[in-house]
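What the coordinates show
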Amino acid sequence: MAIARTKLTGWTFWESLGSPKKVVAPMVDQSELAWRILSRRYGADLCYTPMFHARLFAEEPKYRNEMWQTDSTDRPLFVQFCANDPDHLLRAAKLVETQCDAVDLNLGCPQHIAKRGRYGSFLMEEWDLIHRMVKNLAENLSIPVTVKIRVFPDVEKTIAYAKMIESAGASVLTVHGRLREQKGHKTGLADWEQIRRVKETLSIPVIANGNILYAEDIDLCLASTGADAVMTAEGNLYDPSGIFTGKHLPVWVIGEEVTAQPCHVRAQYLDIVKDNPKSATTAMIRGHLFKIWKPW
């Protein structure tokens, strides 16, 4: 008779992953399999998939097959969904629970499409719905549920929000220290003090997100916030070799088909795409190469 595995949550789960410190953010059309492979070779401890639309993922095989790829080396991996319906979210999560380490709920997307679709940060006022979605995953998945949020102007409201999510069953919380309104030309700086206050209050691991553009920012953020890990998006996209290692390779080395020095690994993005068919779409490739080669 098969022995049922005990589901790990919270700190036990986090430690089973090796207590990761350097995290690649979920990025639409940017944190696909090929990019995750590249990021891991340059020091990423944990990667997120791009944000997937839960209903489309559950109901449309074409969407799912185009958006979702992984392999046996792609771990630890958190799969992120946006949703506003507990059942749609659970159905989507069930399709990936054997191929990842956790399922993450996006409550941070501030873009207009999220407002139109009623998901991401535009659910920040719907605490009952959020609680039901997180609780539904926590009770019905064989892997943990994690959540990514933005902050409110009032830190006390942010703390209450984070505690509500923890009480619903979240095992890890990522706090992006920006308001919903901070996007585009209004992006500004993330508030590390809010992240510190949340970390002091919760009893689950907290990942800090925001203001991570250089390798030096990682230790500074960890010291300033007390967070258990740091997540980066833009810093990873523009300098995938240096953000986690501090080794800044020439931009053409990262993108082109040559052997990287001093890392001595063929970790270049185009090589990875060639070696892993369907690991990135043409649009994803174009977007990455634009960012990598822009300084050149």
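Heads up: the structure comes first, above all this text.
Residues numbered from 1 in each chain as written. Predicted model: local features only at pLDDT ≥ 70, side-chain atom pairs only at ≥ 80, totals over all residues. Heavy atoms only, no water.

Summing up its helical and strand segments, the protein has 14 helices and eight strands in all. Relative to the compact-globule value of 19 Å for 296 residues, the protein shows a C-alpha radius of gyration of 18 Å, a close match. Projecting the C-alpha coordinates of the protein onto the three principal axes gives extents of approximately 50 × 50 × 40 Å. Here the protein holds 296 residues, and 56% of them are scored as buried. For the protein, restricting intrachain contacts to residue pairs at least 6 apart in sequence, the fraction spanning at least 24 positions comes to 67%. For the protein, the exposed area adds up to about 13,200 Å²; of that, 54% sits on carbon and sulfur atoms. (Helix = DSSP H or I, 4+ residues; strand = E, 2+ residues; numbered from the N terminus. Rg over C-alpha atoms; globule rule 2.2 N^0.38 Å. Buried < 20%, exposed > 50% of the residue type's maximum accessible area, 1.4 Å probe, protein only. Contact = heavy atoms within 4.5 Å. Areas by Shrake-Rupley, 256 points an atom, 1.4 Å probe, with all protein chains shown as cover.)

Looking now at the nonpolar core. Across soluble globular proteins, nonpolar side chains show a tendency to be buried alongside one another. The biggest cluster of nonpolar side chains holds 92 residues, and the ones touching the most others in it are Phe-81, Ile-165, Leu-173 and Tyr-269. The element best represented in this core is helix α8 (residues 155–168), accounting for seven residues. Residues Met-51, Cys-82, Cys-109 and Phe-122 belong to the second largest nonpolar core, which totals six residues. (Core = buried A, V, L, I, M, F, W, Y, C linked by side-chain atoms within 4.5 Å.)

A word on the pattern of salt bridges. Per the counting criterion, the structure on display carries 16 salt bridges. Taking the shortest distance from any N to any O, the salt bridge between Glu-59 and Arg-55 comes out at 3.4 Å. With Glu-59 and Arg-55 both in helix α3 (residues 54–59) and four residues apart, this pair spans about one turn of that helix. The class of Glu-59 is partly exposed, set by a relative accessible area of 39%. Overlapping salt bridges, with partners in common, bring together Arg-36, Arg-40 and Asp-74 in one network. (Salt bridge = Lys/Arg side-chain N within 4 Å of Asp/Glu carboxyl O.)

This part is about the environment of Thr-98. Here Thr-98 lies in the loop between α5 (86–94) and β4 (102–107). For the pair Thr-98 and Ile-143, spaced 45 residues apart in sequence, the C-alpha separation works out to 8.3 Å.

A few words on the state of the cysteines. Per the counting criterion, the structure on display carries zero disulfides. No disulfide involves Cys-82; its sulfur sits 7.5 Å from the nearest other cysteine sulfur, which is in Cys-109. Given a relative accessible area of 2%, Cys-82 falls into the buried group. Between Cys-100, a cysteine without a disulfide, and Cys-47, which holds the nearest cysteine sulfur, the sulfur-to-sulfur distance is 13 Å. Note on Cys-100: relative accessible area 3%, which makes it buried. (Disulfide = S-S within 2.5 Å.)

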